[in-house]
Structure formats: C-alpha cells, structure tokens
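Below, each chain spelled out in residue letters.
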Amino acid sequence: MADSAGLQFVSPYAFEAMQKVDVVRLAALSDPELRLLLPCLVRMALCAPADQSQTWAQDKKLILRLLSGVEAVNSIVALLSVDFHALEQDARKEQQLRHKAGGSNGESILVSQLQHGLTLEFEHSDPLRRLRLTLSELLAIMNKVADSNGEFFLKSSELFESPVYLEEVADVLCILQAELPSLLPIVDVAEALLHVRNGDWFLCLLVANVPDSFNEVCRGLIKNGERQDEESVGGRRRTEALRQLCQMNPSQALNIRAMVVEECHLPGLGVALTLDYKPDTADEAVSPLVSYVSGLLLGTNGKVRTWFSMFIRNGQQRKRESSSVLWQMRRQLLLELVAILPRSRSTHGLNDSDMEEEGSSGYSGLREEHVVKASALLRLYCALMGIAGLRPTDEEAEQLLQLMTSRPPATPAGVRFVSLSFCKLLAFPTLVSTPEQEQLMVMWLSWMIKEEEYFESAAGVSASFGEMLLLVAMYFHSNQLSSIIELVCSTLGMKIAIKPSSLSKMKTIFTQEIFTEQVVTAHAVRVAVTNNLSANITGFLPIHCIYQLLRSRAFTKHKVSIKDWIYRQLCETTTPIHTQLLPLIDAYINSILTPASKANPEATNQPITEQEILNVFQSSAGGEGGRGGRLRYTITTQLLILYYILSYEENLLASTKQLALMQKKPKSYSAALMDQIPIKYLVTQAQGLQQELGGLHSALLRLLATNYPHLCLVEDWVCEEEVTGTLPLLRRMMLTSNTCRYTQSQLHQAFQKLPSSSPRLMRILEHLTLLSPGDLIPYSEALTASMGLLLEPAVPRRILQTLNKLWMGLNTVMPRRLWVMTVNALQPSGKLLRQQKYSQNDLMVDPLIVLRCDQRVYRCPPMMDIVLHMLNGYLLASKAYLHCHLKETADFDRQTQTVSNLGLPGQPDTPEVTREELKNALLSAQDSAAVQILLEVCLPTSEEQQLGANTESLLRSMRGPLPGKAKTGCVGPGARRGGEEAEPEAGLLSDLREVQCLICCLLHQMFIADPNIAKLVHFQGYPQALLPLTVAGIPSIHICLDFIPELLAQPQLEKQIFAIQLLSYLCTQYALPKSLSVARLAISVMGTLLTVLTRAKRFSFFMPTLPCLVAFCQAFPPLYDDVAALLVQVGQVCASDVATKARDIDPLIARLQYLKEKPQEVLAPGGGSSKLSLPQRTAEELGGADPDVQLCYRVEATFMDIIGSSLHGL
C-alpha cells in the first residue's frame, strides 16, 4: 500500500501507552502522535467511567489538561454530541432499503441528494451530517464486500482519499465504530478498509483507538485471508495491513505469526513478520528467519509443510521483484550465509593459484561460533531445495558450495557440519557444475579423509564423518544407490526425492579417484572401535561400515583380516545393545563359512579363537591389546559372544552340504570350550535385561531350544519362577548384611560329621536357601561331593529335602556342570574307589550312566528326584548330540562316497537314510532301556515284600475290594485279592511309593513327548505285577488303547497275554467307548485262539488271561453274554479233551451252563451262602491235576468272580 507511504502511523510507544492507559507516556507524545489518538482520549475524558477510584480520577484530570490545548478536540466533542440512537435506526433502514433494491445505489435515508462532491459536502457539513456521510460510505463498502464472494476489489472513494480531510474522516470513523459497535463490528470494518486507499492507515488508527481489539482484528483478517497472499493484490494489501499493525504492536508479532501458521493463510505475512522481528537479545547461533522457515518445512505437520512449499514454488514462477516477500527472504538468507563464510571464501570464485596457496598455507576455516548457524543454514537450504522445490540462483549455489566445502574446527558441532555438508553434496550434486567446483569438492573430500581421525579424537565423539565416508564408498562400490539415498535422508533428517541417476558423477569420483575398494577395506580395519558401544550412541559408526563391507565380502576378496576388529568391538559393548551388533555377527559368521566365490573356496574370514572366547568368560579377562587392567567383561559382551558361538555352530550344521561339495570343513568349537561357558546362567541374566538387550534374549532362546534342548526343560522354567519370584525375594530381604556367613569348608566338615552334625548342617543349609542361585555357585562342589553321605539311614528327611531345594536352585544357573558333579558323586562306592569320573560328553553319549548310581538312591525320594531330572535332561541332550554328530559327518561321508563311487554302478547312493534309521533306533533303544530300568526300580525288593509293600495296593485302593473271596488254596483272582485284604496300609506311605510316583510322573512326560516310546515299551513288555501301578500312576497310558489291537495280532503268545492283562486294567481305569470296542476285540481274539492253540499252549494262554474277563465285565456289563459264552466254550473244549479219563467232568459242564443261564440264582437272597458251592480242593490236589482240569476250575472260578462282582454292583 504505497498510497499511504507519506502518512504518519501510530508508533509502538504510543500504542503501548494507549494499551496500558499510561498518562505519563501519553503526555510525552508529540502533537502529531497525540492527534491520532484523540477520538479515544476524548471519549475517555467525557464518558462516565466504570472505574470510580481516586487514581483514575487523577489520571482523568491529567488527560483533560492534556486535551485542553488541542484545537481538534472541539470537533470531536461535537461529534459525540449527536443522537447516535436515531442515527443507528436510519442506518438500519438504509441497509434494509439497499437489500430490497439489490444493492443498487438508489435513494439514501442517511444522506439526501448531494449538491457537490463528497469531499466538499463533508467540508461544509455539520457534525451529524459528517457522521451520516461517512457511515453511508462505509456501509456501502461493507455491503459490497459481503456480496463479492471473496473476489477483491478496490473501491474508489473520494472521502477516504483526500489528504486534507483524512484526520477528520479518521475521527468520524473511530467515533462511529465506538458508538455503534453492533452496527459496525470492528472486524467487518477492518475488512472493508482493505478495499479503499489508505485503508492500512485508517485500520491502524482504528485499532490504536480500540487497543484491546488488536488480536480480534488480526485473527479476523487472517481467517478471511488467502492461502497464498503473494498471488493477488488483495492478499498483498492484507499482508501489508497486518504487517503495519504488528509494527505498531511488535510484542504481538510472534503471536500473529502463530495464527498465520495455525490457519495456513498468508504465508508471506509469516515471513514478513519474521523479517521485521527484532529480538531483544540477539541469538548468535541461529537467526529467527532460519528457525521459522526450518520449523515449517521440517516440522511434523504435513499440512503446514505443503502450504509453505506451495508459497515457495508459486513465488518462483513470478518475475523477480524487490517487493516480493519471497525474494526478501532469499536475500536475507544469502546475506546471513555470506556473513559466516571464511574471509577467503566470501568471493564468487577461486582460481587454481588460490587453491594451491590455501592447501599449502594456513587455511582460513569456519569460525567456531558460526558452526551451529552454518549447520542450520545448510539444513534449511536442503529443505527449501528438496521439499519446497527452490531453484537456487547462480549466486546462491556458489555461496552454498563455498560454505559446504569450508573447514570447521574439530568440535562435535564441526563433525555434524561436515556430515551435513557431505550429505548435501550427495543430495544436490547439481551445485557442482564447473571443473573448478569439482576440483574444490575433491580437495575437500580428501581433507575429510585425512582429518577424520583427528576430528574424532579432538571432538570426543564416537560417531564421526569418517564412518559415513566409508559407508557411502561401500554403497557406491556395491551399487546400492537406494541405501545412499536413505543414509542422506536420515542424516539430514528429512525425506528428499533424490534420483539415483543424479549420483552417477559422485559415484565415479568416489570409486575411481578417492575410495577404491582396496583402500576402503584397508582403511576400515584401522578405524578404532567405538568405546562402550550402545544404542544411546547415535549417528553412523564404524560398525555400520564394517557391516556393509562384510555383506559385500570386501575383506575376504582383498584378504584383509577383520576378526580382531570384530572381537575388540564385541568386547567394547554395553546396554542398551546397539541394533547393528546382531546383524554384524550374522554377517561375520556367514563370511567365515561361505566363501566369497566358488573359484576361491579359501576366501573366508577367520573365526574367533577358543582362547579369546575363554578370556571373556574368565574372572580376570585381560587381553593383549593393553587391557590388562580390566577385571571382567560386561554381561553384554558375554551374551554377544555366546550368541556368536551358538549361531556359528547352527550355521555350520546348516551349511554342511555346501561345504562338503567344496571339500571344505571349518573347525567346530570343542566340547571342552562349551563346558566352560555358563550358558544357562547367562540366559537367566538376559531374561531380566530383555528391554536393554532388544532381540538378543529371544534369539538366544531359539538357539538353545535347537542345540541345547536339555537347558530348556519346562520344569526348569517353572522352578525358576519359584526361585526368582516374589516370595524368594522377600526371604532374601530378610538376610541382613551382618548375618553369619558360612564357608565351603564349614559346609564340607558338617557333611563329614553326619549324623552327629545334623542340627549344624541343617542351619547351614537353611541359610543357603536364602541366597540367590548365583551366590550358591561357590558352594556347588561342597554340596554335590557329599551327596553320597546323605544316603545313610540315619540322615533326617528335612536335610535331604533342603539339599534337593538347593540343587534345584543351582540347576537354574549351572545345570550342565552341576549334573556332571552329581553323577560322579552318586556313583556306587566301589566305583568311587577306582576314581572313575565321567565327563559331559560321556553322559551325552550314554545317558543311562545316570542310572548306574548307588542303589540306595532308588529308595531316597529327594535324591531320586534329582536323578530323574538329570536323566530327562541327558536323554534330550543325547538326541541333540546325535543329531549334530550325524549332520556333521553325513554330508562329508556322502561326498567322499560319491567321489569314490564315480563310475561304479550298483553302489548305494543314499547312505544317510541308513544312518538316520540307525540313529533313531539307538535313541529308541536308549529311551526304552531307561523306561525299563525305571520300571524295574518300581518293583519291591524281597525285604520290602516281607514288610508288605505291594505294587497292586494303589490299584486296589482305586477299585475297592471285590466280593466273593475264593477258598483258601484255590488258584484264581479270588485268592490273589484275598491276600490283598490282609495287606497292611503302611505301604502307601513308604519311600517306595514316593519313588514310584516320581517315576510315573517322568514316564508320563516321556509318553506325552513321544508316544512311540510308550508303544515300544509295551511291545517289549514288563512284569505283570507293575500293571496296576503304571495304569493308575501314568495318566497318559490311555494311548495304549491305540496299539493294543496291533499287540494282540503279534504271533508271540507272551505279547498277547500282556496285551489282554494291560487291557483289563485300562478298561477299569478308562471305561470309554474305545475301551469297550478293544475289549470286544480281545474277547474275539481269545475265542479264535481257543480253536487253534494246542493243549499246552491253551493252558499257558488262558490261565493268566481268564481272570482279566472279570475286569471286562466289571467295566462293561454288556460284555457279560460274550464272556459267558467264551467261558462255556473254554470249559467244553477242556472237558472234551479229558472225556475219556475217569474224571467227574460232566457235572462241571452242567454247572457252567447253569451259571450262564441263571446267574442270579447262584447266590442266596440277602447275600447268604451259595446254592451251588464249589467243591473244596487242596493246593496239592490242584497242583497234581491235569492242566485241562485246572483250566476248567479256573473257568468256574472266573464265573463266580464275575457273578459276585455284578451282584455286588447291584
């Protein structure tokens, strides 16, 4: 608005005085300044105030005294004397009239026909007519604005343009708005003033006389403003008006700027206000313009970013104008850029002699106080060019390149500046257009390479620009241009669209002039490792470079050893773990096992040596690299080395086929090394650091489950909850620091003096239970070495149970070593004399060594619990060991055989199939042997049988006593059960019964884990006396119902007998539909065998199986008819074989028919004596009787048991 350039605006001093009603300041104003504020001051002096205080009364007197000498006050007083109510009514009538007439300029109620021009009428009018003239003109403009639908227009109004009457018109305008606020809302008035000449001047006067409306007016003007103010005349006038308002009230300029951003309107105004802003305290780091524009383009609000980017793009399409806010912004930014350039750089160009002189003499680098500002400017120009699409002028491009290739001081800010400059060169290679500029860039990159180590050491930062140079060079060599773009965007902190084709020139410079691949690998090894590497260290580190070189196989290609660097870096780690460490280890392992090319199979990296690994896990982990003072490595280092070993072994097994084809076999780490690594302890520690370790804990668990399944037992995880839970923690809190601590020697002495030292030993063991598992490790040898002493009969049970608890606690942190010590300690005394010590490898090859312990362990439940735990673990360990052994040797053996069999037809070409079958057979034999040994342990010894321990007591307690006792000396189930009733009940509380329960629990787990074990064991068979125990004590034994039909089909008579006996107990325990169908099958098989068996085999088969029919009928009464028919058939066959003998057999057959047809009449009513009693026969008579006769009597006894059990059930 150049038309108001010569007018005097309200000064910030005067506006602040009005805003605060500071009478002293107002009195200090000059007459021209005071003239602009008269409308408000006169109203203030004449109107009745709401403030009746004495202070305001004094201020009002001062205002009156101030106004008394001003002549223009009289005309304002005259304006205030009119009837504003009548004036408002006339104004509203005129609005209605204009609305009906469609806005045409017809009759006016406020103003009658004008005889002269508006200016002359205003000059000759009285105050009321002046008010009417101004109000009529203003309402006309406001109505036109309302009807314009946002289209800008400039209303030519003689009243608002005459310089002679501007002050009087301003007075009238202010009085009208103050007296008629409902008719003339100040926001609408402000909007209308934009459409007349001198509108900004009138608007400033209006707001200055109503200072509390400043924010309201500004917000209204911004809301009604254009999204792009530079595009239209109206937008530029609005921007200029708001700019004048903020110059009048500079304290609110930043708030108005915030409104601009909030509404996404008038972007030029935001920049203009920033250019006008003069902070009280100058910030030497970053200017307000850089901060503001950077915040818009690099903030998180995408809508604001798009809005301001459009402002930049649109502004470039117009011709360069000095009045354009965009060009003002660009000029200011360029001035700031030139101001911080080194003196020798603030020219438009450099010739060759200058460069040589600078390279040889002292270089005038970037001053330290300008580095942060330079970095901010670089990021801003990157955002302007990459996000907003700014096309730099030649001058801007030249000065930018001069700044980017300047050399900052060796500070962290300087490192950041160099990184940003380098990334800007990659993002906008068009800045380098001439050969001189290209040479300047190459010299600067060479300087970066030479000074990188000095910068890193002097600046004291771990992430230097040297790593970024290496990384970019590696990406260029491997043609990973997308990775370079990601790196650039990540460093600059903004997403920029970079075309890969634009990097071709930089690629040529990097790969051919600066960084050849051999130079890259040789330089990378010399880069120092990052001390205390963790996720807290951001930026691009040496580890990023080494990782990329490992992936591209540059080290093996150029025969550069990287093993030492990786080992040193792994030793320099801490929590939280850096995200690049695990990918680095994986890439390193791949480079060890997989050659870089098939043509050169030896081109691989060297693995970490066993001695270096042992150094990490020893208490004093000194090193050869000057680290002798280091006492121990961090848990992070130990976990990473453990991950390396486990992952190396797994990848070695997975790569055996490829390695065999290349006739290459990398060395595996020895079992002795693995035995010295506390794997379980480390994994337990990692469990409590899962957040700091990222994905390392889960990766270790996966490797353990694959290679060390015996360290991932479910019961171990449950036990760990009991050891590390809340209750144990509270118990350990009770252990104060001054509590008496016991040494290992004291514990050993207490063990040696048993049983007299039982109370002291109990105190020591109870104290040890309060310690954490990690603190128990020093006592492990003393606890395990004395286990054999606890097998003596006088040792209290509480000591055994406490020792079991301590052993389980130690098992959570050192299971493998603990198991070996325990197995050696529990050997029989004879073996101990021979000093035979088993190793971890021995126990994995032959897990049954665990059961070759002292026989007294089998009757010591706490010790047996430990033995069973170790047996389960070693069975799993043996499976993993044999699988690995087979995998290690199978592919190499097959490859050797394939080579040796070339040209020899008929040779087997799949030997691994046989090896796999042999391995599975061996594992099955191990498992079944362990089960058979444990079942044998469940049998009572002769001494226990004399004391009344019977394995059938458990089943008897489940079934209940059966009625119908057989006569004394009679052969049959009645006699067996009659003996059970006399058995003492103490057997249920014996050590044998407790051991049986422990064994049954383990067998239950084994059967669930592999049902084939259950099938194999039952096909092998075991003593019939154990059937009541196994069926009642092993819940998963019901799976035997699946293969009993197959067992019945076996040709061996013993297996058929065992199947029927097993089925009888299963039917009683699991009376299921499936059991019923299998029982029907068994009865059918018995009937079939009756017709084909010889006399001797018939006796051997039916004597043990006929009592099982009682259980069938008891479990399934519908089978009674089939069973009765079978019994009668057996009796008839037996009777027919002895029909020629002088035996009284016919009456027996008649009795059997009677029993079959009328079983309910056999027993007298009320449970009395039998109507049909069996003849009394002594055992001697039966023993010498014919086998068929004995079988007949067994049939009859079976009938009686069935009838008795069924009637008892009724």
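The following paragraphs examine the structure supplied in this document. It should be emphasised that the depicted structure is a prediction, and the values quoted were computed from it without experimental measurement.

### A look at the overall build of the protein chain
Of regular secondary structure, the protein chain possesses 67 helices and 0 strands. A sequence separation of at least 24 residues applies to 75% of the contacts in the protein chain between residues at least 6 apart. For the protein chain, the accessible surface area stands at approximately 54400 Å², while carbon and sulfur atoms represent 53% of it.

### Section: helix α5 (residues 54-67)
Because an α-helix packs 3.6 residues into every turn, residues spaced three or four apart end up facing the same way. If you check α5, its first and last C-alpha atoms are 20 Å apart, about what 14 residues at 1.5 Å a residue would give, namely 20 Å. Residues Trp 56, Lys 60, Ile 63 and Leu 67 constitute the buried set of α5. Axial view of α5: buried residues confined to an arc of 60°, hence all on one face. Exposed residues on α5 whose side chains face more than 90 degrees from its buried face are Gln 54, Thr 55 and Arg 65. Looking at the packing, one finds that the buried side of α5 touches α2 (23-27), α4 (38-46) and α6 (73-80).

### As for the packing of aromatic side chains
Considering all chains together, one arrives at 12 aromatic pairs under this definition. Centre to centre, the rings of Trp 201 and Phe 202 are 5.2 Å apart; their planes meet at 75°, and the pair counts as edge-to-face. The buried category is assigned to Trp 201, whose relative accessible area is 3%. Ring centres of Phe 308 and Phe 311 lie 5.4 Å apart, and the angle between their planes is 45°; this geometry places the pair in the tilted category. Separated by 3 residues within a single helix, Phe 308 and Phe 311 lie in helix α19 (residues 302-317), roughly one turn from each other. The class for Phe 308 is buried, based on a relative accessible area of 0%. Overall, Phe 311 belongs to the buried group, its relative accessible area being 1%. Connected via pairs of aromatic rings, a cluster forms that spans Tyr 588, Tyr 644, Tyr 648 and Tyr 669.

### Things to note about the side chain of Ser 758
Note that Ser 758 resides in helix α44 (residues 758-768). Sequence-distant contacts of Ser 758, defined by excluding residues within four places in its chain, comprise Pro 796 and Ile 799.

### Quick look at the pattern of salt bridges
Counted by the stated rule, this structure contains 28 salt bridges. For Arg 35, the salt bridge goes to Asp 171, with nearest N and O atoms at 2.5 Å. Of the two residues, Arg 35 is situated in helix α3 (residues 31-35) and Asp 171 in helix α11 (residues 166-179); the sequence distance between them amounts to 136 residues. Look at Arg 35 and you get buried, because its relative accessible area is 12%. When its relative accessible area of 4% is taken as the criterion, Asp 171 is described as buried.

### Structural notes on the environment of Glu 168
For Glu 168, the position within the fold is in helix α11. Residue class for Glu 168 comes out partly exposed when judged on its relative accessible area of 26%. If near-sequence neighbours (up to four positions away) are discounted, Glu 168 is found in contact with Arg 35, Phe 122 and Arg 130.

### Looking at unusual backbone geometry
With an omega dihedral of -5°, the bond running from Thr 575 to Pro 576 counts as a cis peptide bond. Locating Pro 576 in the fold gives a position in the loop between α32 (563-571) and α33 (581-593). Phi angles above zero are rare outside glycine, and Asn 198 is one such case at about 60°. Checked against the element boundaries, Asn 198 lands in the loop between α12 (186-193) and α13 (199-209).

Rules used in this analysis
- Residues numbered from 1 in each chain as written.
- Predicted model: local features only at pLDDT ≥ 70, side-chain atom pairs only at ≥ 80, totals over all residues.
- Heavy atoms only, no water.
- Helix = DSSP H or I, 4+ residues; strand = E, 2+ residues; numbered from the N terminus.
- Contact = heavy atoms within 4.5 Å.
- Areas by Shrake-Rupley, 256 points an atom, 1.4 Å probe, with all protein chains shown as cover.
- Expected span 1.5 Å × (residues − 1).
- Buried < 20%, exposed > 50% of the residue type's maximum accessible area, 1.4 Å probe, protein only.
- Arc of directions from axis to C-beta.
- Phe/Tyr/Trp six-rings, centres within 6.5 Å; stacked < 30°, edge-to-face > 60°.
- Salt bridge = Lys/Arg side-chain N within 4 Å of Asp/Glu carboxyl O.

Nothing here speaks to function; it is geometry throughout.
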